[in-house]
Every structure is written in C-alpha cells, then in structure tokens.
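# Structure assessment
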Amino acid sequence: MSQSSFSTLGLKPELLNTLESLTYTEMTPIQAESLPLIVEGKDVIAQAKTGSGKTAAFSLGLLQALDVKRFRIQAMVLCPTRELADQVAKEIRTLARGIHNIKVLTLCGGSPMGPQIGSLEHGAHIIVGTPGRIEDHLSKKRLDLSELKTLVLDEADRMLEMGFQSSMDAVIDAAPKQRQTLLFSATYGDEVAGIANKIMIDPTSIKVESNH
Ligand code: ADP
Ligand code: MG
C-alpha cells in the first residue's frame, strides 16, 4: 500500500469501493496532507490551486463523519457561486453513491424559493449552497443546524471578494460551536486569515504549491 493510497485513511468501505470504481487510486498532494487530519476531526485550512482535488478532500471528510441513519443536517458547504455549488454537490453525490438514501440539497440564490422550501421540509443530510440564500432560510427558521458536525468554506477567498462576509458570519453564528470547520482557498490573504482566526479551533494550515 503506497503512502498516498486512500486505503491508509480508515475510510468506510462504501467510500473505498467508490474510490476504486472511480479509479481514484492515489491521493493528490493536498488530499494526502489534509485528509489524515480531516478524518481525525481536526480543523484544517487548505490552500492549493484550482484542480488540485480540494473538493474530494472535504467531501470524503464530511461523508466519513456522517451517519446516514440520522436524517438531520450534518454537513454544510458554503460556496461563492451557484455553478460551484452544483459542481460540489455533484461530486459529493458521486463519492456518496455507495451510501444509500443519502440526501444532498443545494440552496443557491437565483433559484426559485418555493421548491427549496419544499425540499427543506423533506429534510437533508448535507446542504451545499451560497451564503446569502442559506442566511435567508436560516432567518426564516427553515434550517436546523443543531446537529451540524462539519462546516466547509469552499473558495473562502472568492466568497469574501463577492461580499458574502456578513452572510457567512450569520451562517457560522447559527452553527453549533462544537463542530469541525474546514476552510479551502486558492489564496490566503489577511481577510481569509481574519475569518479563520475567528471561527476555527486550533487549525492546521496546509499549503501545496504544485499544480496537482
Ligand atoms: P479543486 O477544488 O482543488 O479546484 P477539484 O476538486 O475540482 O479541484 O478536482 C479536480 C478534478 O480532479 C476533479 O475532476 C476530480 O474528480 C479529480 N480528482 C480529485 N481527486 C482525485 C484523485 N485522488 N484521483 C484522481 N482524480 C481526482
Ligand atoms: Mg474547488
């Protein structure tokens, strides 16, 4: 077993089988550095270029922590745009295909409210969406985050650039203090560091320079 094999992580067999069928044999460098900590439940700040496999890193972490038998929101991924949220939700569904009856719901601005409200009434294990729309649902008490275990900020730098700071703060405030927070970003400037310092507990920072 090579050091960067997914089988070193102690993942659920359903996840390992899916990784094998996707021919994800080796972890990418950012995955190899972040996943052991993520699976342990640590807070992690991960900086690496686009296309380096960050989505699978946090998706495997939240799927590993999730108990599908509890039909409550256990993980939430905040993304800067609807396009990105759709991509993330698609990757989570692909990686979760061995876990039966898992429900991933996307909540993005620009989509009609009615169907989102209906979907929320049916419930979900995982929410992926943009901060503004999620803040909106929270303010109307349509989202219960009391059992949230994993909060992911994906492309945190872009979310801040797009002016989502106050919505992000509102969502973070509504999440339980006892949780795992994962922050992914292509860049790590003062603003991202500011939010990380405010919301994370003893995080480990990982930076991968290479293209992979
Ligand atoms: P990022 O979020 O870092 O920009 P992505 O998570 O979108 O990058 O990953 C880029 C591509 O690499 C995706 O198509 C994904 O399916 C693929 N990928 C991720 N991890 C692996 C892996 N371990 N082995 C092979 N392909 C992978
Ligand atoms: Mg990404």
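Residues numbered from 1 in each chain as written. Chains lettered and ligands numbered in written order. Predicted model: local features only at pLDDT ≥ 70, side-chain atom pairs only at ≥ 80, totals over all residues.

Turning our eyes to something else, we now look at the environment of L183. Here L183 is to be found in strand 6 (residues 180–185). For the pair L183 and A196, spaced 13 residues apart in sequence, the C-alpha separation works out to 7.5 Å. With residues near it in sequence (within four places) discarded, L183 still touches I45, L153, A156, A196 and M200. (Helix = DSSP H or I, 4+ residues; strand = E, 2+ residues; numbered from the N terminus. Contact = placed C-beta atoms within 7 Å.)

This part is about the site of ligand 1. The environment of ligand 1 is formed by Y24, M27, T28, Q31, A48, T50, G51, S52, G53, K54, T55 and A56. For the shell around ligand 1, the element with the highest residue contribution is helix 3 (residues 54–65), accounting for three residues. Across the shell around ligand 1, the residue classes tally to four nonpolar, seven polar and one charged. (Near = placed C-beta within 6 Å. Nonpolar A, V, L, I, M, F, W, Y, C, P; charged D, E, K, R; others polar.)

So, about the sheet that holds strand 1 (residues 44–48). The strand order across the open sheet formed by seven strands is 3-4-2-5-6-1-7, and the pairing between neighbours is parallel. Each edge of the open sheet is held by one strand with a lone partner, namely strand 3 (104–107) and strand 7 (204–208). Between one strand axis and the next, the sheet turns by 15° as a mean value, whatever way the strands run. Here strand 1 runs beside strand 7; their pairing, made up of five bridges, is parallel. Its bridge partner lying in strand 7, V44 is registered against T204. (Pairing = 2+ DSSP bridges. Axes fitted to C-alpha atoms, helices over the stretch in contact; angles between N-to-C directions.)

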